[in-house]
Amino acid sequence: MGVNASVLAIDAGNSKTDVALIGADGTILSTGRGGGFQPPVVGIEAAVDVLGAAVGQALELSGVPAVAVTHVSACLANADLPVEEKQLAQALGARGWGATVEVRNDTFAILRAGVDEPRGVAVVCGAGINCVGMVPDGRTARFPAIGRISGDWGGGAGLAEEAMWFASRAEDGRGEPTELARTLPGHFGLGSMYALIEALHLGHVEFERRHELAPVLFATAAAGDPVAGALVDRLAQEVVAMASVALGRLGLLDEEAPVVLGGGVLAARHPQLDGRIAELLAVRAPKAVVRVVTEPPVLGAALLGLDRTGAGAPVHERLRAQYG
């Protein structure tokens, strides 16, 4: 005897994939977890195979041999452009996981997890930085968020690289003094920026570990270093610029609207960064209501799916309650 599932929710980031099978009444039937979703590295089909492993796990755990899924709601990393979302939707649709499929960038999952209705803006600052917005009539606001070529600055990687730039120049005399020249290499037990540069260049310290330097930057700023403080201030300006532009595009600047902050850098609640974001938003978007999202993004993917199927408020509330 088959059991119908209203939504198959997928949230896939660079490092992991979460899947949830949602019943028509908002009950979580089963969940699955898999590896990271990286189509630029392994190709679309191999990346979707990773999703397939997590989906298969959820279907198996549901305890039924076949589950008829009404809608697949997938929020995926590396789906940065609408054309990429379309390509990925076709690839997921070919797997036959549900009657209909919608693919969005994974930032939409964080936004929807943090709001009671599909209305508001989210800025996510993890390894990189991104911003999306939506309103109930289906309109969205977004940025390419591909990196410097699309005008982006920020995120753990961008902060670390900028901090290293200033620290390196401070040490060799080309730039102004900063405690970053001591605290950055010190994080890795090294005595100088030259030693850190050498270690990164030769692979003695994995290049990916530069993300670890973002908290060091914030700690150095909190201790009063003006160069580090200026970088924290610049990040706050970027967050507010993205949020206020997205609010403006959706006509939300003149009314109370949620601005959801997510990702490792913003979720860490650095006082200097939080305070500066609040100050700048008070000028550019004084009616914005800021909150830091703590709910898992797969909840947002599931809620987007329930939005699509037309589920009522009690169904949404039941689902949200299960995620605590």
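Relevant structure appears above.
I will try to describe carefully the structure that is included in this document.

Reading guide: rules and limits
Residues numbered from 1 in each chain as written. Predicted model: local features only at pLDDT ≥ 70, side-chain atom pairs only at ≥ 80, totals over all residues. Heavy atoms only, no water. Helix = DSSP H or I, 4+ residues; strand = E, 2+ residues; numbered from the N terminus. Rg over C-alpha atoms; globule rule 2.2 N^0.38 Å. Buried < 20%, exposed > 50% of the residue type's maximum accessible area, 1.4 Å probe, protein only. Axes fitted to C-alpha atoms, helices over the stretch in contact; angles between N-to-C directions. Left-handed = near helix turned anticlockwise from the far one by under 90°. Contact = heavy atoms within 4.5 Å. Nonpolar A, V, L, I, M, F, W, Y, C, P; charged D, E, K, R; others polar. Core = buried A, V, L, I, M, F, W, Y, C linked by side-chain atoms within 4.5 Å. Disulfide = S-S within 2.5 Å. Pairing = 2+ DSSP bridges.

## Points about the overall build of the chain
- A tally of regular secondary structure across the chain gives 13 helices and 10 strands.
- By the compact-globule yardstick of 20 Å for 324 residues, the chain fits well, its C-alpha radius of gyration being 21 Å.
- With the C-alpha coordinates of the chain rotated into their principal frame, the extents come out at 75 × 50 × 35 Å.
- Residues counted as buried form 49% of the 324 residues belonging to the chain.

## Points about the packing of helix H6 (residues 180-187) against helix H8 (residues 213-222)
- Packing of H6 against H8 leaves a shortest axis separation of 10 Å and a crossing angle of 145°. As H6 runs across H8, the sense of the crossing is right-handed. Every residue of H8 that contacts H6 at Leu-180, Thr-183, Leu-184 and His-187 is listed here: Leu-213, Val-216, Leu-217 and Thr-220.
- In terms of residue class, the contact of H6 with H8 is built from five nonpolar, three polar and no charged.

## Notes on the nonpolar core
- Core analysis: the biggest nonpolar cluster contains 56 residues, and Leu-184, Leu-235, Leu-273 and Ile-277 have the highest contact counts within it.
- Sort the elements by how many residues they give to this core and helix H9 (residues 226-249) lands first, with 12 residues.
- Beyond its immediate stretch of four places on either side in the chain, Leu-235 contacts Cys-125, Ile-129, Trp-153, Gly-154, Gly-155, Leu-159, Phe-218, Val-265 and Leu-273.

## A few points about H8
- Most of H8 sits out of view: seven of its 10 residues are buried.
- Buried residues of H8: Leu-213, Ala-214, Val-216, Leu-217, Phe-218, Thr-220 and Ala-221, and no others.
- Those residues of H8 that are buried are in contact with helix H5 (155-172), H6, helix H7 (193-202), H9, helix H10 (264-267) and helix H11 (271-284).
- Gly-224 sits one or two residues past H8 and shows a positive phi near 105°.

## Some thoughts on the environment of Val-19
- Looking at the element boundaries, Val-19 is found in strand E2 (residues 16-22).
- For Val-19, a relative accessible area of 2% corresponds to the buried category.
- On a C-alpha basis, the gap between Val-19 and Ser-192 in space is 44 Å, while along the polypeptide they are 173 residues apart.
- Not counting the four nearest positions on each side in its chain, Val-19 is found in contact with Leu-8, Ala-9, Ile-10, Ser-30, Thr-31, Gly-32, Ala-54, Val-55, Ala-58 and Val-298.

## Observations concerning the side chain of Ser-168
- Mapping Ser-168 onto the fold places it in helix H5.
- Among residues more than four places away in sequence, those in contact with Ser-168 are Met-193 and Ile-197.

## Focus on the environment of Thr-27
- Summarising the element assignment, Thr-27 is placed in the loop between E2 and strand E3 (28-35).
- Considering only alpha carbons, one finds Thr-27 and Arg-320, 293 residues apart in sequence, at a separation of 9.6 Å.
- Apart from residues lying up to four places away in sequence, Thr-27 is in contact with Leu-21, Ile-22, Arg-318 and Gln-322.

## A look at the side chain of Arg-210
- Residue placement: Arg-210 occurs in the loop between H7 and H8.
- When sequence neighbours within four positions are dropped, the list of residues in contact with Arg-210 reads Ala-157, Ala-160 and Glu-161.

## Overview of the state of the cysteines
- Counting across every chain of the model gives zero disulfides.
- Between Cys-75, a free cysteine, and Cys-131, which holds the nearest cysteine sulfur, the sulfur-to-sulfur gap is 15 Å.
- Unpaired in this structure, Cys-131 has its nearest cysteine sulfur neighbour in Cys-125, at a distance of 12 Å.
- The class for Cys-131 is buried, based on a relative accessible area of 0%.

## Remarks on the pairing of strand E9 (residues 257-262)
- In terms of residue burial, E9 counts as a mostly covered element, since five of its six residues are buried.
- Bridge analysis of strand E6 (residues 120-125) against E9 gives four bridges, and the strand direction is parallel. Paired with Val-124 across the two strands is Gly-262, which belongs to E9.

## Describing the sheet that holds strand E8 (residues 140-142)
- Reading across the sheet, the five strands line up as E8-E7-E6-E9-E10 and stay open at both edges, with mixed pairing between neighbours. Pairing within the sheet leaves two strands with one partner each, and these edge strands are E8 and strand E10 (288-292). Here the average twist between neighbouring strands, direction ignored, is 15°.
- Where strand E7 (residues 129-134) and E8 come together, three bridges link them in antiparallel fashion. Note on E8: the bridge partner recorded for Val-132 is Arg-142.

Note that all results are geometric; they support no functional claim without further evidence.
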